[in-house]
Amino acid sequence: MSEARVEPLGERALLIQCGDTIDIAVNARALAIAHAVTRAGLPGVLDIAPAYASVCLRYDPRAWADASDVDTPCARLVAAVDAIVQSLVSADGAGSGEGEAPRWTGEATHAESRPSKQISTTTHDERALEIPVIYGGDSGPDLDAVAAHAGMSREAVIECHTAAEYRVAMLGFAPGYPYLLGLDPALHTPRRANPRTRVPAGSVAIGGAQTGIYPRELPGGWQIIGRTPLELFDAARAPPALLAPGQRVRFRQIPASAPENKTPASITTGQRARHDRARITVLSPGLLTTVQGGARHGFGALGVGGAGAMDEVSLQLANLLVGNARDAAALEITLRGPRLRFAHDALIAITGADVDARCNDEHVPHWRPVLLRAGSELNLGGMRCGTRAYLAVAAGIDLRAVLGSSSTDVNAALGPLQRPLAAGDELHCAEATHPLCSELWRACATHPCAGVAGQRHVVASRWSLDAAAWFDATAARPIRALAGSHFAHLDSASQRALFGATFRVGVDSNRVGCRLEGASLRLTAPIEMISAGVVPGTVQLPPGGVPIALTAEAPTSGGYPRIAQIVAVDLPHLAQRRPGDAVRFVQTDLADAQMRYLERERALATLEHHLRWRLREAW
């Protein structure tokens, strides 16, 4: 086992680098380290995602904070990880091999303060999994192009592709998407000059020296040589991914008459969110309204990202204002809101962007508990300031969790709904019987008009949170960031521009990433990149020179230079910038970033305690 290098990826993640090449031996080291770190059960570890030659470890700094120690939480965790790696190096020196590695079978690694589940592993004495493939024709439109590039016949390409045994190096790009090592060099083929906007689910493809399988319909530029009828990913299945890092795979040709891919009965395209006792009906959905709660942890090894709220603080505050857990399911509303009908009395809170909120022509105030009467229609219009508002309902929106979270990952089509809200959707809310809300509900019942003449549908508390203490969508506010792993590879002008120029939020920004238009950044020389772990806040630099700041639906891995990492406490501020708004970065360091994160979490905990008391009191 060779030495590994551990580096921070912001204040909430580490990247363990095991090598700088793509080969089976280096990949086996990465998988062995990921397995060892998982088995160690380190406190606060939320996710462990191995890649080709690295391991990304996401963690909660609060689990490693010690006021009596001068070291940062990151430094203490790095020391613990280094000790694990050194134990593997010593074991290797004593004679253990690194040719084999554990296989991930999809059990989650998740922890609030300690891992509550371990990623299951198996040895590799089982036979390689056979993947049936229909080659050529409509299923493999690029088979002829691959054959021409290789100087081989179609039949020879198929024979060569099915003769090899492959190893799953990593899952990434999309949940369940396997990157396979072992492709015969004769079949190495450049990616398409013009990527497709839609690649069918199950497509077996070649990209450079790798082969892979698209788990669902996705855009992509690899050469499609065939298609498998197998479902590579089903969130309702255990394990959800058909393949896992470290697993051995072979392909087998089948005739074109093989059955088509099946859509799992548990997740049907276009499924409505209907429940037996629906409380909220979506009359119109707004521009982009999604169900969001806490991030999804523990499935990064299967290519599953976290998702969750773009502005996690505003989500948590909305939930706290109605007595919910911080990560309860609520609505994230982008730029223009929905129109909703409430069949029953509902206690709500609206936070985040200053959205025009009216209920039956009555103004609905923000940042406080508000009771809407049965039959009310809540109309959320445009945003006067900011981009994303949050609507929480007492007891939370009652949707089944998918892989541990009710959050919607729009890009991955993952979650209870898999998509934004649509007209006609009906959402059920659990009965609001939480003791924190009981006094508030009684107060609502005895204040039918909240002291305002003519108001019959809206009853609001007399007190509210100070929005200015938690929310700032001002474009003039700088965004703090750390220099990234590849910052030094920028030319001097680009280094100055990154922390000096003003960028603008691009119009095609979304929940995956924020395009930062303006100054074009350049490297001093091209870098031979290997896909490695990324997290929300990672700023990548594609070849075009326009940086992209990854946000809530960030993939688990990325192949572009990592030039900066936005600090966690400023990600909510970036989330509230709208297309055309200015973004200016100011450089900070890891110690400052972790200090600010810990201070924010302490402030939220104090506020939560205060609100629990406040919700018991009279208005």
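Residues numbered from 1 in each chain as written. Predicted model: local features only at pLDDT ≥ 70, side-chain atom pairs only at ≥ 80, totals over all residues. Heavy atoms only, no water.

## Side note on the sheet that holds strand β14 (residues 280–284)
Through backbone hydrogen bonds, the strands of a sheet pair up, either in parallel or in antiparallel fashion. In spatial order, the strands read β20-β19-β22-β17-β14-β24; together these six strands make up an open sheet with antiparallel pairing. Each edge of the open sheet carries a strand with a single partner, namely β20 (362–363) and β24 (426–427). In terms of strand pairing, strand β19 (residues 355–359) meets strand β22 (residues 377–383) through four bridges, oriented antiparallel. Within the sheet, the bridge partner assigned to Ala-357 lies in β22 and is Leu-380. (Pairing = 2+ DSSP bridges. Helix = DSSP H or I, 4+ residues; strand = E, 2+ residues; numbered from the N terminus.)

## Section: the environment of Phe-251
Mapped onto the secondary structure, Phe-251 falls in strand β13 (residues 248–253). Through-space distance from the C-alpha of Phe-251 to that of Ile-158 is 9.4 Å; in sequence the pair is 93 residues apart. Excluding anything up to four places from it in sequence, Phe-251 contacts Ile-131, Val-133, Tyr-135, His-161, Thr-162, Tyr-166, Leu-180, Val-204, Thr-211 and Ile-213. (Contact = heavy atoms within 4.5 Å.)

## Section: the sheet that holds strand β28 (residues 513–517)
The sheet built from seven strands closes into a barrel, its strands ordered β26-β33-β30-β31-β28-β27-β34 with mixed pairing. Geometrically, the sheet is characterised by an average inter-axis angle of 40 degrees between neighbouring strands, direction not taken into account. Bridge count between β28 and strand β31 (residues 548–550): three bridges; the pairing is antiparallel. Residue pairing in the sheet places Arg-515 in a bridge with Ile-548 of β31. (Axes fitted to C-alpha atoms, helices over the stretch in contact; angles between N-to-C directions.)

## Digging into the packing of aromatic side chains
Applying the stated criterion to the full structure yields ten aromatic pairs. Both rings, one in Tyr-166 and one in Phe-251, keep their centres 5.3 Å apart while their planes meet at 65 degrees; by these two values the pair is edge-to-face. One end of the pair, Tyr-166, is in strand β6 (residues 166–171); the other, Phe-251, is in strand β13, and 85 residues separate them in sequence. Of the two residues, Tyr-166 and Phe-251, neither departs from the other in class, the shared state being buried. On the basis of an interplanar angle of 90 degrees and a centroid distance of 5.3 Å, the ring pair of Phe-173 and Tyr-177 is categorised as edge-to-face. Here Phe-173 falls in the partly exposed class, since its relative accessible area comes to 36%. (Phe/Tyr/Trp six-rings, centres within 6.5 Å; stacked < 30°, edge-to-face > 60°. Buried < 20%, exposed > 50% of the residue type's maximum accessible area, 1.4 Å probe, protein only.)

## Digging into the environment of Ala-241
Structurally, Ala-241 is set in the loop between β12 (223–227) and β13. Ala-241 has contacts with Leu-171, Gly-176, Leu-232, Phe-233 and Leu-302, leaving out every residue within four places of it along the chain.

## Quick word on the pattern of salt bridges
For the structure shown, the criterion picks out 28 salt bridges. A salt bridge links Arg-562 to Glu-7; the shortest N-O distance between them is 3.9 Å. One end of the pair, Arg-562, is in strand β33 (residues 562–566); the other, Glu-7, is in strand β1 (residues 5–8), and 555 residues separate them in sequence. What makes Arg-562 buried here is its relative accessible area of 3%. The buried category is assigned to Glu-7, whose relative accessible area is 13%. The partner of Arg-384 in a salt bridge is Asp-354, with the nearest N and O atoms 3.2 Å apart. Of this pair, Arg-384 sits in the loop between β22 and β23 (388–393) while Asp-354 sits in the loop between β18 (346–352) and β19, and the two are 30 residues apart along the sequence. With relative accessibility at 30%, the residue Asp-354 sits in the partly exposed group. Via salt bridges that share partners, Arg-12, Asp-60, Arg-62, Glu-312, Arg-326, Arg-600, Glu-601, Glu-608 and Arg-612 belong to a single interconnected network. (Salt bridge = Lys/Arg side-chain N within 4 Å of Asp/Glu carboxyl O.)

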